Amino acid sequence: MAITIPFNKPYLTGKEAHFIYQAVSNGKLSGNGEFTKRCQRFFEDKYKFKKCLLTTSCTDALEMAAILCDLKPDDEVIVPSYTFVSSALAFVRAGARIVFADSMERNPNIDADKIESLITPRTKVIVPVHYAGVACDMDKIMEIADRHNLLVVEDAAQAIDSFYKTRPLGGIGHLSAFSFHETKNVISGEGGMLVINDERFIRRAEIIWEKGTNRAEFFRGEVNKYGWCDIGSSFLPSEVISAFLMAQLEDMDEIQEKRKLLWGKYYELLSPMAERGCFRIPDIPDYATNNAHMFYIVCNSLKERTELIQKLKENGVSAVFHYLSLHSSPFYSDKHDGRILPNCDLYADRLLRLPMFYELSLSEVSYICDVIVRHFSE
Ligand SMILES: Cc1ncc(COP(=O)(O)O)c(C=O)c1O
C-alpha cells in the first residue's frame, strides 16, 4: 500500500507569501531587517529572553554558542549521546572533546544525576537537549554548572513554547539554540535562533553573527563605521526567511493547540496497550510541560520496532526512528572513552516516532492507533 499518512508535512498558515511580498516591498532582503527584528522581539517579549538572534539553522546557533564558550583545545563538553549530530558537532568544530552522557531510564533526556561524575578540570560546558520538547532537569543541571563554574548551552531545537516549572525552555542556560526546520512546530524551511541569557555574551554574539564585524552597532548608529573585530560567519538569515517565520509565529497558539489535541488522542488511545506492557508511551516529569513536538513509543526490542514499522508501512503510515548513538558513530567511536551508555542505546534501538503535523486529523490518529493495537493483538 502506498504511504497515505506521511511522517511530517510542513504547514503553511497562508500568510507566508504575503509577508515575503512585504519584505520585498520594504526594499531590504538581506538580514537584520524589519522582519528579523520582529521575530526576535516576539521571543524577547513573550518569553522574556534577554537577547535573541535569528540564524539560518539551529546548527548555526549552536556553532555561535560554541564560539562564545571560547573553548581551548582539549576542553571538554558534556553532551547526551542520544541527540542530533549538531548538538555535538558544533562543539567539535570549536575544538572541544565531547564527553557523552547517558539518557535517563524514564525518558531520553540527559541523566542529570550522572553528569557530575563526568566532570574533570577540563570540563567547560554542559549541553542539555530537551528531547521532544520535554525539559531536562534544569535546576539540577544549573546547580552543578554553578558549583563547577561551567556554562550551560540548552539545545532547545525541539522545545519552542515549552517550560521547566514556570520557566520557558531556552531561557535558563547561559545560551540556547532553537530550530525552525520544517519538521518543527513552527517553521521557516531551514532556520534557527540563538538566545543569549547571559548579558556578558551579547556584544560578541552580534559580532560573530555578522561575519565578525560590528555592523549591527553601525546600523543602530552607535559607531560611525564598522569593521573586522572578531571571528564569525554569515549566521543571519535573509528577510525572506524571517518574513516566513513571522507568519508562523503569529499563528503559534493555534498550531500548538492543534498539535496538543493530536498528542492527547495518541496518548489516550495507546495508554491501554502501554499499561499491558506492549510498549512505553512518553513520560513527562512533573517539572516539565508538553509542547506536542513529537509523539513516540518505546518498543520492547529492536525486532518489535522493525516489525511495527513494517506493519504501519503496509497500512500506508510512515513512522520513523532516529538518533543512532553518537558515541558509537563512525566519526566519534574511536574518540569516545569506551563507556557503555545503555539507556542511549536502548532508545536508539527501540524508540519509534509516529506521524505528527498540524494537518493530521484526529481520525487519522485513530486509524494509526488502530493499526498498532491490532498489530499487538494478533
Ligand atoms: C536536538 C536537535 N538539535 C539540533 C538540531 C539541528 O537543527 P537544524 O536542522 O535547525 O540545524 C536538531 C534538528 O532536528 C535537533 O533535533
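Residues numbered from 1 in each chain as written. Predicted model: local features only at pLDDT ≥ 70, side-chain atom pairs only at ≥ 80, totals over all residues. Heavy atoms only, no water.

Brief notes about the overall build of the chain
Counting secondary structure elements, the chain contains twelve helices and twelve strands. Compactness check: the chain gives a C-alpha radius of gyration of 21 Å against a globular reference of 21 Å for 378 residues, within 12% of the reference. Taking the principal axes of its C-alpha atoms as reference, the chain extends roughly 75 × 55 × 35 Å. Counting all 378 residues of the chain, 58% fall into the buried class. Of the contacts formed within the chain by residues at least 6 apart in sequence, a portion of 71% connects residues at least 24 apart. With the model as given, the accessible surface of the chain reaches about 15,900 Å², and the carbon-plus-sulfur share is 54%. One finds the centroid of the 44 positive side-chain charges in the chain at a distance of 2 Å from the centroid of its 52 negative side-chain charges. (Helix = DSSP H or I, 4+ residues; strand = E, 2+ residues; numbered from the N terminus. Rg over C-alpha atoms; globule rule 2.2 N^0.38 Å. Buried < 20%, exposed > 50% of the residue type's maximum accessible area, 1.4 Å probe, protein only. Contact = heavy atoms within 4.5 Å. Areas by Shrake-Rupley, 256 points an atom, 1.4 Å probe, with all protein chains shown as cover. Lys, Arg positive; Asp, Glu negative; His and termini not counted. Charge placed at Lys NZ, Arg CZ, Asp CG, Glu CD.)

Notes on the sheet that holds strand β11 (residues 295-299)
Backbone-to-backbone hydrogen bonds join strands into a sheet, with any given pair of strands oriented parallel or antiparallel. With antiparallel pairing, three strands are arranged side by side in an open sheet as β10-β11-β12. Single-partner strands in this sheet number two, and they are β10 (279-280) and β12 (351-354). As judged from the two bridges shared by β10 and β11, these two strands associate in the antiparallel manner. Among the inter-strand pairings, Phe279 is bridged to a residue of β11, identified as Cys299. (Pairing = 2+ DSSP bridges.)

Some words on the environment of Leu53
Position of Leu53 among the secondary structure elements: in strand β1 (residues 51-55). Taking the relative accessible area as the measure of exposure, Leu53 reaches 1% and is therefore buried. Distance from Leu53 to Ala205, taken between C-alpha atoms, is 8.4 Å for residues 152 residues apart in sequence.

Some points on the pattern of salt bridges
Side-chain pairs of opposite charge can arise where the charged atoms are in close proximity. Under the defined criterion, the tally for this structure stands at 31 salt bridges. For Lys46, the salt bridge goes to Asp253, with nearest N and O atoms at 3.8 Å. Taken together, the residues span a long stretch of sequence, with Lys46 in helix α2 (residues 34-47) and Asp253 in helix α9 (residues 252-275) at a distance of 207 residues. Here Lys46 falls in the partly exposed class, since its relative accessible area comes to 37%. As a salt-bridge pair, Glu76 and Arg122 come within 3.0 Å of each other at their nearest N and O atoms. With Glu76 in strand β2 (residues 76-80) and Arg122 in the loop between β3 (97-101) and β4 (123-126), this residue pair connects regions lying 46 residues apart in the sequence. We classify Glu76 as buried; its relative accessible area is 2%. Within this structure, Lys15, Arg38, Glu250 and Asp251 form a network of salt bridges that share partners. (Salt bridge = Lys/Arg side-chain N within 4 Å of Asp/Glu carboxyl O.)

Some points on the packing of helix α3 (residues 58-68) against helix α4 (residues 85-93)
Taken N-terminus to C-terminus, the directions of α3 and α4 make an angle of 40°; their axes are 8 Å apart at the nearest point. As far as their axial angle goes, α4 and α3 are oblique. The two elements α3 and α4 meet at a crossing, and its hand is right-handed. Residues Thr59, Leu62, Glu63 and Ala66 of α3 touch α4, and the partners they reach there are Ser86, Ser87, Ala90, Phe91 and Arg93. Residues that form the contact of α3 with α4 fall into these classes: four nonpolar, three polar and two charged. (Axes fitted to C-alpha atoms, helices over the stretch in contact; angles between N-to-C directions. Parallel < 35°, antiparallel > 145°, perpendicular 65-115°, else oblique. Left-handed = near helix turned anticlockwise from the far one by under 90°. Nonpolar A, V, L, I, M, F, W, Y, C, P; charged D, E, K, R; others polar.)

Remarks on the site of the ligand
Around the ligand, the structure places 16 residues, and the nearest of them are Cys58, Thr59, Asp155, Ser179 and Lys184. The contact in question runs from an oxygen atom of the ligand to an N or O atom on the side chain of Ser179, over 2.7 Å. Contact with the protein chains hides 92% of the accessible area of the ligand, taken as 390 Å² for the molecule alone. For the ligand, the cavity whose grid points lie within 2 Å of the majority of its atoms is the largest pocket. (Near = heavy atom within 4 Å. Polar contact = N/O pair within 3.5 Å; in protein donor to acceptor, adjacent residues only side chain to side chain. 1 Å grid on protein atoms, 1.4 Å probe; cavity = no way out; pocket = protein on both sides within 12 Å on 5 of 7 lines; lining within 4 Å. Sits in = over half its atoms within 2 Å of the grid points.)

Description of the environment of Thr213
Mapped onto the secondary structure, Thr213 falls in the loop between α6 (202-209) and α7 (215-219). Overall, the relative accessible area of 13% leaves Thr213 in the buried class. For the pair Thr213 and Tyr226, spaced 13 residues apart in sequence, the C-alpha to C-alpha distance is 6.6 Å. What Thr213 contacts, discounting residues up to four positions off in sequence, is Glu206, Ile207, Tyr226, Gly227 and Cys229.

Side note on the layout of surface pockets
Counted as a void, the largest pocket has a volume near 430 Å³. Surrounding the largest pocket, 25 residues form its lining, Phe84, Ser179, His181, Thr183 and Lys184 being those nearest its centre. Listing elements by their share of the lining of the largest pocket, those giving two or more residues are α3 and α4. Among the elements that make up the lining of the largest pocket, the one with the highest residue count is α3 (three residues). Its residues assigned to classes, the lining of the largest pocket shows eight nonpolar, 13 polar and four charged. (Points joined across faces, edges and corners; volume = space filled by probe spheres on them.)

Comments concerning α9
If you check α9, its first and last C-alpha atoms are 33 Å apart, about what 24 residues at 1.5 Å a residue would give, namely 34 Å. A bend of about 35° at Leu269 is the largest found in α9, and the proline Pro272 appears one to four places after it. Within α9, the full set of buried residues consists of Met252, Ile255, Gln256, Arg259, Leu262, Trp263, Tyr266, Leu270, Ser271, Met273 and Ala274. The elements touched by buried residues of α9 are α2, α8 (239-250), β10, β11, β12 and α12 (362-377). Gly277, located one to two residues past α9, shows a positive phi value of around 90°. (Expected span 1.5 Å × (residues − 1). Bend = angle between axes of the 7 residues up to and from the residue.)

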